[in-house]
Amino acid sequence: MSTPYYVSPEQIRQDKEDFVSRGIAQAKEVVVLEYRDGLLMVAENPRKTTFKISEIYDRIALAAAGRIAEYEILRVVGIRESEVKGFRYYREDVTAKWLTNLYSQHMGAVAQAWDAKPLEIELLVCELGVADAPANSGLQNNQIYHIAFDGIYSEEENYAVIGGRATAITEILEQRYTDGLEMSAALQLVTETFRTIEANAADDYEINPQTIEVACLEQTAERRKFRRLSTDEVTTLLDF
């Protein structure tokens, strides 16, 4: 009887991480950053048939880099679970932290299954703070959670980036980002950062209102805070 082939858990994890990293490295980036009236979300996305940024609930949005099919599954699950929780209990019980834990458990379980392909995706779960919440409640602050393919997540401040060149974009934002930006200034910052990154790429393409996807969570909106910006609005904000 032959001895079963053995692969250590560490090697399996490393192989999966390398597999996902190769896929994510090819993914165009998504940036989420705080501006004066909320959270701005911008993605490099020349395709008009798919979105990389979507509304989940009243104050919550989801952004992804990686395989669109896997993102769509997680998006639908997030919407369904949020609606069920909000209906059974209170709408205020649906939070980005709760949703992040939900995604983390699912993505972690897939990544740890020895016979399953890990999800080739990174997520940003974003929640707009409550402007009139008590000062000591913690609800006033905007929340941005970054979830890796293995379910490990971190809470980001001011801005977050996912995608193949996330590290390079983060380094630029560290130098150029300031608090209290107007929406137009925040959008121009992100697009100029994209242009800088694309200028150094072998297969660069033009960054313009037709090749980016823009949405926001804004305090001035009614109950549902998510708004997707049209190409015309983006053109006006960028002063094209």
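Above this note sits the structure.
The sections below set out a description of the structure shown in this document. (Residues numbered from 1 in each chain as written. Predicted model: local features only at pLDDT ≥ 70, side-chain atom pairs only at ≥ 80, totals over all residues. Heavy atoms only, no water.)

With that settled, consider the side chain of E29. For E29, the position within the fold is in the loop between α1 (9–24) and β1 (30–35). According to the relative accessible area criterion, E29 is buried, its value standing at 1%. Reaching out from E29, the side chain makes a polar contact with the backbone nitrogen of R165 at a distance of 2.7 Å. Apart from residues no more than four positions distant in its own chain, E29 is found in contact with V42, A43, E44, K52, I162, G163, G164, R165, A166, I169 and F194. (Helix = DSSP H or I, 4+ residues; strand = E, 2+ residues; numbered from the N terminus. Buried < 20%, exposed > 50% of the residue type's maximum accessible area, 1.4 Å probe, protein only. Polar contact = N/O pair within 3.5 Å; in protein donor to acceptor, adjacent residues only side chain to side chain. Contact = heavy atoms within 4.5 Å.)

Roughly 430 Å³ of volume is contained in the largest pocket. Surrounding the largest pocket, 20 residues form its lining, R59, E92, T95, E127 and V130 being those nearest its centre. Split by residue class, the lining of the largest pocket holds seven nonpolar, five polar and eight charged. Considered as a void within the structure, the second largest pocket measures approximately 240 Å³ in volume. Forming the boundary of the second largest pocket are 13 residues, of which Q26, A27, K28, R47 and G66 lie nearest the centre. Each residue belonging to the lining of the second largest pocket can be placed in one class, and the counts come to three nonpolar, four polar and six charged. (1 Å grid on protein atoms, 1.4 Å probe; cavity = no way out; pocket = protein on both sides within 12 Å on 5 of 7 lines; lining within 4 Å. Points joined across faces, edges and corners; volume = space filled by probe spheres on them. Nonpolar A, V, L, I, M, F, W, Y, C, P; charged D, E, K, R; others polar.)

In this section: helix α5 (residues 183–199). The terminal C-alpha atoms of α5, which comprises 17 residues, lie 24 Å apart, in line with the 24 Å expected from a rise of 1.5 Å per residue. Within the span of α5, buried status applies to M183, A186, L187, L189, V190, T191, T193, F194, I197 and E198. Buried residues in α5 make contact with β1, β2 (38–44), α4 (166–176), β9 (212–218), β10 (226–228) and α6 (231–238). (Expected span 1.5 Å × (residues − 1).)

Among the six residues in β1, six count as buried, and that is most of the element. By the alternation rule, side chains of β1 split into V30, V32 and E34 and V31, L33 and Y35, which are all buried. Bridging between β1 and β2 involves six bridges; their strand directions are antiparallel. Across the sheet, residue V32 finds its bridge partner in β2, namely M41. (Pairing = 2+ DSSP bridges.)

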